[in-house]
Amino acid sequence: MALLAARSIAKSFAARTLFEDVSFEIAPHDKAGLVGVNGCGKTTLFQLLTGALPPDAGEIYRGRETKLGTVQQIVETTGDTLLGYTLHASAQLQRIEQELERVAGAISAAGLMEADKLVLRQSALQERYEAEGGLTYRSRTRSTLLGLGFSEAELEQPLGTMSGGQRNKAQLARLLLSDANLLLLDEPTNHLDMDSVRFLEDFLRAYNGAFIVISHDRYFLDRVTERTLELKHGRLTSTLGNYSRHMELTSTGNEILRRHYANQKKEIRRLEGVIEQQKRWNQARNYVTIESKRKQIERLKAELVAPEADTASIRFRFAAKAVSGNDVLLCSGLRKAYDRQLFEGVSFNIYRGERVFLLGANGCGKTTLLRLIMGKETPDAGSIRLGANIQPGYYEQTMDSLQPGCSALEEIQNAYPHMDAGAVRAALAAFLLTGDDVFKRVATLSGGEKARIQLLKLMLSGANLLLLDEPTNHLDIDSRDALERALESYDGTLFIVTHDRYLVNQMADRILYLDETGLTAYVGGYDDFLAAQASPGDSAALLPAAQEEPAPDAGRGSYRAQKERQGAINRATGELRRAEERVTRAEIELHDLQELLASPAVASDYLRSQELADQADLKQCELDALYAAWEQAQAALDALEGE
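Calculation notes
Residues numbered from 1 in each chain as written. Predicted model: local features only at pLDDT ≥ 70, side-chain atom pairs only at ≥ 80, totals over all residues. Heavy atoms only, no water. Pairing = 2+ DSSP bridges. Helix = DSSP H or I, 4+ residues; strand = E, 2+ residues; numbered from the N terminus. Contact = heavy atoms within 4.5 Å. Axes fitted to C-alpha atoms, helices over the stretch in contact; angles between N-to-C directions. pLDDT = per-residue confidence, 0-100. Buried < 20%, exposed > 50% of the residue type's maximum accessible area, 1.4 Å probe, protein only. Arc of directions from axis to C-beta. Polar contact = N/O pair within 3.5 Å; in protein donor to acceptor, adjacent residues only side chain to side chain. Salt bridge = Lys/Arg side-chain N within 4 Å of Asp/Glu carboxyl O. Left-handed = near helix turned anticlockwise from the far one by under 90°. Nonpolar A, V, L, I, M, F, W, Y, C, P; charged D, E, K, R; others polar.

Colleague: Describe the sheet that holds strand E5 (residues 68–69), and please don't skip the residues or the numbers.
Modeller: As summarised here, the arrangement of the 6 strands in space is E5-E6-E7-E3-E8-E9, forming an open sheet in which the pairing is mixed. Of all the strands in the sheet, just E5 and strand E9 (235–240) have a single pairing partner and so form its edges. The pairing of strand E6 (residues 182–186) with strand E7 (residues 210–214) spans 5 bridges and is classified as parallel. From the neighbouring strand, leucine 184 faces E7, where its bridge partner is isoleucine 212. On the sheet, helix H6 (residues 164–176) packs against E5 and E6 and is oriented at approximately 165° with respect to E6.

Below, the structure written as structure tokens:
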């Protein structure tokens, strides 16, 4: 029986319809991701499911056994410590503990017969206590808080003294430890560093209940979900599989729909041509044919379904106005401390064309390091040197460079006064800020809108070194994809701080990992980084964080050549692995389609046979292209390994 079901629900605000005719069910062990562009109504849908808002139409059902767990926008704080607040998730077990204490006290004061009854009561309570996890709930609570990134000292800190991000993490911990069997998680990875996100992933993968999670973190969705719900153009589509699988299925489905639509339009045009020809002949029998063809056209038009237009997304590209020297950024012996020391002895070099990502736990000093490079702060020790002809561009996570009192239009005009109003409006439109939106004050804009303005300013700068601090924060998945494509084609040098593991995996030549021991460099993307951490004895993925650039005659044994070759091999190996996985999936899908086509039930149904045959043809074309891509990936890897 379903834990929750929605039937034909709809919701509008003022003149805008968010969605309509939305129907779906959540089974007891469903692990579903809810995706869609910012503003499509994902959070509103959660509010309907919890009863915080009523639907305009349709109904929502909950099963008798459903225990819904959600998080609140504002975390209420009492005098509880962090640990005490989180232990409220196990309030039932705490009540049993109190009852056991009361019964134990009553036994010592009771007579013989009364004591026997109390002992039986005590035994029943103890069994229930143990069955519901009473012996381990305190240790589970501590390990969950530690796993989400809290320190031992913070466990006894009053929750009211903690930051908003820490309170949200505490609320998440309490939810995960509750007895709810259906969790509604709205952007749960916000405020979490990578280690904490990995802990959350492991928790959700092992979770015995069901959950729906809203997230723009593509790597996270691929790791924890087995079903995907997408809100798009006011409708909900559902597919089996994680986010990447959903994108494959919807892409294939949209291509089939586009082909079918084009064929129907072509057939309508052909029939209209036949009618015109029959009219010219002007015979009685021709009018019978004309009427027959008109009826065919009416049936086709009634069945005609136009494919959905693609969701609007950012359209832009980064381009460096000047070519830099080979040495882009040289840092040596950097140290910085405030009330505590962030880092010491940090040294690294970045060279032209590299894509370097800086990772580390929250609070380790990543943003501070970028600010030191940009000259916004001064190091306590060490040196920073930008190479010849370097023009840096900086994306600030805090967006402090934006002026709250300016409009979006004025923000760009002030930064680039040589641009006329028409050019500025065109640029803003490419970043999805159109119409009267360009006159909104920066202070009133959403986080996503502010992020797009800051990215636009960066794009217009022509910088040949981009220093980006969490550039995908506030961006939905479509915008993240657009940013990734723009950075892929960028001809300058990248130094990026991010928690977006998907972006790291797709783009990184090298990862610098900052922790209390210093800075460690790894070759390749995020998966390579995880593999190197899991096998610390394997030095193939490790490189010095900083080393002098080799002399021109140092040959292929130099650090630079070694780094570039190893990075290229890692990327080629990853691409080959992904190509093999895509081929395997496509082969299985084609085999399933061919089996369906051969079945007697389908063979006798012409329309169904034709539909499946079209799908099989399309899948075969896709498979042929995947075979070619696999051969190219294998050849590229063979060439690199043979060098």
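On we go.
Colleague: Give a detailed account of the confidence of the model for the chain, specifying residues and quantitative values.
Modeller: Confidence in the prediction for the chain averages 83 pLDDT; 88% of positions are at 70 or higher. In the model, residues 548–560 has pLDDT below 50 throughout and makes 22 contacts with residues more than four positions away in sequence or in other chains.

Colleague: Provide a residue-level description of helix H13 (residues 421–430), including the pertinent values.
Modeller: Think of an α-helix as turning once every 3.6 residues; residues three or four places apart then point the same way. Buried within H13 we find Val424, Ala427, Leu428 and Ala430. Viewed end-on, H13 has its buried residues packed into an arc of 155°, placing them on one side of the element. On the buried face of H13, the contacting elements are helix H12 (408–415) and helix H14 (447–461). Sitting at the amino-terminal end of H13 is aspartate 420, which places a side-chain oxygen 3.1 Å from the backbone nitrogen of glycine 422. Positioned one or two residues after H13, leucine 432 has a phi angle of 70°, which is positive.

Colleague: Could you give an account of the pattern of salt bridges, naming the residues involved and the relevant values?
Modeller: Under the counting rule described, the total for this entry stands at 29 salt bridges. Taking the shortest distance from any N to any O, the salt bridge between arginine 235 and glutamate 20 comes out at 3.7 Å. Placement of the pair is arginine 235 in strand E9 and glutamate 20 in strand E2 (residues 16–26), with a sequence separation of 215 residues. Residue arginine 235 is classed as partly exposed on the basis of its relative accessible area, which comes to 36%. On the accessibility criterion, glutamate 20 (39% relative accessible area) is partly exposed. Residue arginine 138 pairs with glutamate 97 through a salt bridge whose shortest N-O separation is 3.3 Å.

Colleague: How would you explain the packing of H12 against H13 if you had to name every residue and give the values?
Modeller: Between H12 and H13, the least distance of the axes is 10 Å, while the angle of their chain directions is 120°. The hand of the H12/H13 crossing is right-handed. Together, Ala408, Leu409, Ile412 and Gln413 of H12 and Ala421, Val424, Arg425 and Leu428 of H13 make up the contact between the two elements. Looking at the contact of H12 with H13, its residues break down into 6 nonpolar, 1 polar and 1 charged.

Colleague: So what's going on with the sheet that holds strand E10 (residues 327–337)? Which residues, and what values?
Modeller: Ordered by their spatial adjacency, 3 strands build an open sheet running E11-E10-E13, and the pairing between neighbours is antiparallel. Only two strands of the sheet have a single partner each, and these edge strands are strand E11 (341–351) and strand E13 (381–386). Neighbour-to-neighbour, the strand axes of the sheet open up by a mean angle of 15°, direction not taken into account. Relative to E11, E10 runs antiparallel, the two being bridged by 7 bridges.

Colleague: Please give an account of the side chain of threonine 228 that cites residues and values.
Modeller: Take threonine 228: it is sitting in strand E8 (residues 227–232). For threonine 228, a relative accessible area of 1% puts it in the buried group. For threonine 228, the side chain forms a polar contact with the main-chain oxygen of asparagine 242, separated by 3.4 Å. When residues no more than four places from it in sequence are discounted, the contact partners of threonine 228 are Gly33, Val35, Thr237, Ser238, Thr239, Gly241, Asn242, Tyr243 and His246.

Colleague: So what's going on with the side chain of serine 215? Which residues, and what values?
Modeller: Positionally, serine 215 belongs in the loop between E7 and helix H8 (218–224). What makes serine 215 buried here is its relative accessible area of 1%. Among the polar contacts listed, one links the side chain of serine 215 to the backbone nitrogen of aspartate 217, at a separation of 3.0 Å. Contact partners of serine 215, with chain neighbours within four places excluded, come to Leu34, Val35, Glu187, Thr189, Phe220, Leu221 and Ile477.

Colleague: Kindly report on helix H17 (residues 526–534), identifying the contributing residues and their values.
Modeller: Among all positions of H17, only Tyr526, Phe529 and Ala532 are buried. Buried residues in H17, looked at end-on, bunch into an arc of 120°, giving them a common side. Tucked into the core, H17 has its buried residues touching helix H7 (194–206), H8, strand E12 (355–360), helix H16 (501–507), strand E17 (510–515) and strand E18 (518–523).

Colleague: Give me the lowdown on unusual backbone geometry, citing residues and values where you can.
Modeller: Most peptide bonds take the trans form, and the phi angle of most residues other than glycine is negative. In the Ramachandran plot, serine 8 falls in the positive-phi region, its phi being about 50° despite a non-glycine side chain. For serine 8, a relative accessible area of 36% corresponds to the partly exposed category. The phi dihedral of glutamate 470 is positive, around 55°, even though this residue is not glycine. Within the fold, glutamate 470 resides in the loop between strand E15 (465–469) and helix H15 (477–489).

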